[in-house]
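Descriptive analysis of the structure
Listed below are the residues making up each chain.
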Amino acid sequence: MATPLLLAIDFGGVYHWSQYIAAVAILAAAAFALPGLTDSNASSSVKQQTLLIPLGILAGWAWLQATPLPAGWVQWISPGAYAAYAEWLNGLIPGDAASRDYSISVSPLDTSHTASLLAMLLPLSLASSIAFHARGRLQMLLSAIAIAGASVAILGFYRKLDPTADLWIFRPKSNSFAGFVNRNNAALMLNFGLAASLGLMSWRMMALHHIELDDPDFEFNDLFALISDRESFTGLIAGATCIAGLLINGSRGGLVAAMFGLVLAFGYVRPKRGLLSLPILVLVLAVSVAILITPMQLNLESLSRLELLSTEADTLQSDGRLSHWQDGWDAALAYFPGGSGVASYGYAYLPYINMSQSPWFEHADNLWLEMLVETGLVGILVMVLIITLAIIALNRLALSVDPLDQGIRVACWYSLGAVFTSQFFDFGLALPANLFVGVMLLSALISRDIANGGVAAKLALQAHHDVSYGHHETESEYWDDDEFPDDNATNPAPEDTPAPQNTTRPLDAKNETTGRKIALRSDSNRWISHTLISCTTVAVITIVIGATAIPTLREDAFSDSMLYRLKDEYGKWRLNPDSLTQMEDALTERINTRPMPPLYSRLETVQQDRGRLIETTEWKPNTPEEFVSIYKRTHPETRKLPYPPNNNRNQRVQLDSYPHYADAWKTSIAALAKCPLAQQPRTDLLQLAPLMSQAAASQATQTNNAPTETAIQETATTAIQQLLLFYSGAPRRLLTLANEALNRRDWTTAEEGFRMAVSRQPNLARNVMQQYKTHPEIDLNNAIPDSPSALKIAAEIYIKSPNPDPKFLRRALDQIRCETNESLKQRASCEALSGRILFHFESPDEATEHFVQAIQYAPDVPNYRIELIESLLKFDRPADAKSQARLGRNSFPENTRFQKFIDDIAAKERQQLVQPDNGPTIDQDALEDLLN
């Protein structure tokens, strides 16, 4: 019971080290629970471990997804995964290095890690079903979960009250809460705590006041009557604390989940409520929609000032989740029916991006969509099976007369509603802390159902109710919790009870009765023995499966720890060659043991930095300052130096820096083989491509297996084209990729990147036009999309160039919609631009109309009328120009330019009057002949 709370403090259990320690603890708990199989108070039937079936199916499927299979099988099971290996690696991995066996998962190592974590749910469920079979330990479970939720809320309060608090459990992120990295995930733990609190109060209310929490006669003031009871007081305090935490931590999904959880906990959707369910559900749905779409920021300051509305808060309409779900759905269809592999969503959706508005969605923020993408049909069946088992057990417990059973029923109804609703906006159940709580509650629910007899008890109770309806002894006798002592207590028979005697019974009848009892006892012993063997077999298999997962979790824990230590200390040792060598050796050893994708990324960085250090010395710096300057200019993202160094370019000797760059190149390719849709290896290849290509062109390579310049260029082209799709939701990255293609003189790819970036962010058209000034080879018709705002920005700059392309200007003129601008100033600027374009097309009448419209929109701006006058004079229309100049002089008498236009036009007219046009015509050729 302590494991989920400890994981909640440790950021929800996101670190592999904490998951490994939790797995060891779970396995130990399962081993200690094994003796309970011989105790009827802890184990009554193998059916109480029914939850192992869906959990085992899910863990087994995850393991199969990470296992290499023949390509034909993968193509049938998961077409999207087959495409990831067979199509998306073309041009990146040499044909001889490609494998013929593919995994269903597009990130097999991540999937195998999660499969090991899912395998630990089996011993957890086993131990929970045994431990919480008895009433006394079930009470402890509800109390522990309630206190855990309250603890998370208290830690969150402390951080809100003291933002400068520097504890190891706090993360410097605006969306973190308590020990959780994400406030939405923390909200799920708070909802679990609230569910357990309601369960405690429901149990004590039924035991002491003989009323159910979801009874139509229930009143809220009944809750405050429980303060004198210890367990109910714990539930009240923990429940109030969890509610305050939900209001303060800022999670909208958590609030909506709490509303739906309360609806289920209070029984408004069950038959006993009748038509009252309809208005309640409509009200809950309406309030939930309002919470999700209304800008709101809930924090201590907002509550203290009662300012709940804020235009700066993100909603479902503004944070990009709704649009991203469309891409997630497309990905789910592409990988159906087998899925993309558990824990692979961050890579799986990348080839199907169309609507996402973020650089990267590591999770879908919708667990059900994420599960559909990752597990396909199997995940759907598992979830349906789990929900079915839960609802069946809840309906059976509704017939139990034990108040504690009603308490666990209320807690589980609330949890079911909260989990089902919240995971539409979050992935909190994917965190071990929340997942373990959910499995423990569900296991306890099914175990208590079987303890009460399961389906047999339901039939017996229904028959009893039909026969003796309304014939209970007394109400207090029916509901008194003293009738249900602790299962571990013993009930010795009274010593003064007289033995039954029957002297009139025949001897043969007595022998017959004795024989029947012996036979029944023998059958009972055989049934108990059979049940014990079955339960023991299942328990041993479960623990063995959990034990086999421990080595994987342990290796991943070592890798995860190494990566975090390197990340924290790398800056201090990156200029030390010996330290880099040791890092490379350690990372290579870890990769040979367990090739996790993040290890490849760190190894590539170390190898590239080793090459940078050696290359800096190859430039032969004279001072330490020059050394530092050269080293900075070799940074892969902002590199401004050629390779090989200038003083070695004409030498046919392999440089010492090249092998390290070549190793980094090979590491990136190896990383793609392990995770075919990863972005970082493609970025690394793109950064290394200029160095490798220049080295190959200058014959600085001496190895036979070194890639050729053509192969390097093809790899870079493939990588950049795929990255354009992977980062299609990040305009700035698209612009960077397009500039990279531009430097490689790949005009087609550059134009595609510019077009995608400007489509997402139209104001980036200015950056495209800046590149056009230095690279006129760019075709603006391909680089600028059909966006009115983008075309307007581009046309304003392009119209000033010496020889603008009429095709692009005509396209801009047709697409610009001035009436869609919000302000009159913007409309005026748009109309003036249309006028300039029409003057360029020698249509002065239409152009004048647009300029006049611009002047009407912005009458206080004289430049539009001045520009119109100048254009009219160029087209030799002095009368129209003079008319506009007089209007400008009247509007802006202090502006002398209009009077100057009038004076210049008048002077030109006077000059034309002095030189009449009706003079005799002189034949110049005849005159020259005469003079000669």
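Now for a description of the structure that goes with this document. Everything numeric in this text was worked out from a predicted model, so none of it was measured.

With respect to the overall build of the protein chain
Along the protein chain, the regular secondary structure elements total 40 helices and 2 strands. In the protein chain, which comprises 932 residues, the share counted as buried stands at 51%. Put simply, of all contacts in the protein chain between residues at least 6 apart along the chain, 73% involve residues at least 24 apart.

Some remarks on helix 37 (residues 863–874)
Between its first and last C-alpha atoms helix 37 spans 17 Å; for 12 residues at 1.5 Å apiece the expected length is 16 Å, and the two agree. Immediately beyond the C-terminal end of helix 37, within one or two residues, lies Asp 876, with a positive phi of roughly 55 degrees.

Observations regarding the packing of helix 3 (residues 52–65) against helix 17 (residues 367–397)
How two helices sit against one another is set out by the angle between their axes and by the gap between those axes. Here helix 3 crosses helix 17 at 170 degrees, and the two axes come no closer than 9 Å. Compared by their axis directions, helix 3 and helix 17 come out roughly antiparallel. In contact with Ile 53, Pro 54, Ile 57, Leu 58, Trp 61 and Gln 65 of helix 3, helix 17 contributes Met 371, Glu 374, Thr 375, Val 378, Val 382, Leu 385, Ile 386 and Leu 389.

Examining empty space enclosed by the protein
If a probe as big as a water molecule is rolled over the atoms, it shows which places are left empty. Applying the stated criterion to the full structure yields 2 cavities of 30 Å³ or more. As for the second largest cavity, its lining consists of Gln 608, Arg 612, Thr 634, Pro 636, Arg 639, Tyr 661, Gln 687 and Leu 691. Of all the secondary-structure elements, those providing two or more residues to the lining of the second largest cavity are helix 24 (597–618) and helix 27 (680–697). Here the residues of the lining of the second largest cavity sort into 3 nonpolar, 3 polar and 2 charged.

Points about the state of the cysteines
Per the stated rule, a full pass over the model turns up 1 disulfide. Across the disulfide, Cys 818 is cross-linked to Cys 830 (sulfur-sulfur distance 2.1 Å). Taking the sign of the S-S torsion, about -75 degrees here, the bridge from Cys 818 to Cys 830 comes out left-handed. Here the residue Cys 818 occupies a position in the loop between helix 34 (806–815) and helix 35 (824–840), and Cys 830 occupies one in helix 35, the gap between them amounting to 12 residues. Accessibility assignment for this pair places Cys 818 and Cys 830 in one class, buried.

Thoughts on the side chain of Ser 107
Structurally, Ser 107 is set in the loop between strand 2 (101–102) and helix 6 (108–119). Here Ser 107 falls in the buried class, since its relative accessible area comes to 0%. Polar side-chain contacts of Ser 107 include one of 2.7 Å to the side chain of Asp 110. Among all residues touching Ser 107, those that are not within four sequence positions of it are Ser 344, Tyr 347, Pro 597, Lys 674 and Cys 675.

A look at the packing of helix 8 (residues 135–161) against helix 19 (residues 432–451)
Running from N to C, helix 8 and helix 19 point in directions that differ by 155 degrees, and their axes come no closer than 12 Å. In terms of orientation, helix 8 lies roughly antiparallel with respect to helix 19. Note on packing geometry: the crossing formed by helix 8 with helix 19 is left-handed. When helix 8 is examined against helix 19, the residues Arg 135, Leu 138, Leu 141, Leu 142 and Ile 145 are found in contact with a partner set consisting of Val 437, Met 440, Leu 441, Ala 444 and Arg 448.

Comments concerning the layout of surface pockets
In this structure, the second largest pocket occupies an estimated 1100 Å³ of space. For the second largest pocket, the lining is made up of 34 residues, of which Pro 636, Glu 637, Thr 638, Thr 683 and Gln 687 are closest to its centre. Where the lining of the second largest pocket is concerned, the elements lending two or more residues are helix 24, helix 27, helix 28 (709–726) and helix 29 (731–743). Examining the composition of the lining of the second largest pocket, we find that 10 residues originate from one element, helix 27, more than from any other. Of the residues assigned to the lining of the second largest pocket, the class counts are 10 nonpolar, 14 polar and 10 charged.

Points about the packing of aromatic side chains
Considering all chains together, one arrives at 19 aromatic pairs under this definition. Relative to Tyr 20, the ring of Trp 17 lies with its centre 5.8 Å away and its plane at 65 degrees, an arrangement referred to as edge-to-face. Placement of the pair is Trp 17 and Tyr 20 together in helix 2 (residues 16–33), with a separation of 3 residues, close to one helical turn. Consider the rings of Phe 892 and Phe 898, whose centres lie 6.2 Å apart with planes at 15 degrees: the pair is stacked.

Here we look at the pattern of salt bridges
Taken as a whole and judged by the stated rule, the model has 21 salt bridges. A salt bridge links Arg 612 to Asp 609, with the shortest nitrogen-to-oxygen separation between them at 3.4 Å. Of this pair, Arg 612 and Asp 609 are both found in helix 24, 3 residues apart, which corresponds to roughly one turn of the helix. Of the two residues, Arg 612 and Asp 609, neither departs from the other in class, the shared state being buried. The salt bridge partner of Lys 792 is Glu 796, with a shortest N-O separation of 2.8 Å. Of this pair, Lys 792 and Glu 796 both sit in helix 33 (residues 788–798), 4 residues apart, which is roughly one turn of that helix. With relative accessibility at 15%, the residue Lys 792 sits in the buried group. Classification of Glu 796 by relative accessible area gives partly exposed; the value is 22%. Look at the salt bridges and you will find they share partners, linking Arg 135, Asp 402, Asp 405 and Arg 448 into a network.

What counts, and where the lines are drawn
- Residues numbered from 1 in each chain as written.
- Predicted model: local features only at pLDDT ≥ 70, side-chain atom pairs only at ≥ 80, totals over all residues.
- Heavy atoms only, no water.
- Helix = DSSP H or I, 4+ residues; strand = E, 2+ residues; numbered from the N terminus.
- Buried < 20%, exposed > 50% of the residue type's maximum accessible area, 1.4 Å probe, protein only.
- Contact = heavy atoms within 4.5 Å.
- Expected span 1.5 Å × (residues − 1).
- Axes fitted to C-alpha atoms, helices over the stretch in contact; angles between N-to-C directions.
- Parallel < 35°, antiparallel > 145°, perpendicular 65-115°, else oblique.
- 1 Å grid on protein atoms, 1.4 Å probe; cavity = no way out; pocket = protein on both sides within 12 Å on 5 of 7 lines; lining within 4 Å.
- Points joined across faces, edges and corners; volume = space filled by probe spheres on them.
- Nonpolar A, V, L, I, M, F, W, Y, C, P; charged D, E, K, R; others polar.
- Disulfide = S-S within 2.5 Å.
- Polar contact = N/O pair within 3.5 Å; in protein donor to acceptor, adjacent residues only side chain to side chain.
- Left-handed = near helix turned anticlockwise from the far one by under 90°.
- Phe/Tyr/Trp six-rings, centres within 6.5 Å; stacked < 30°, edge-to-face > 60°.
- Salt bridge = Lys/Arg side-chain N within 4 Å of Asp/Glu carboxyl O.

Such coordinate-based values are descriptive only and should not be taken to indicate function.
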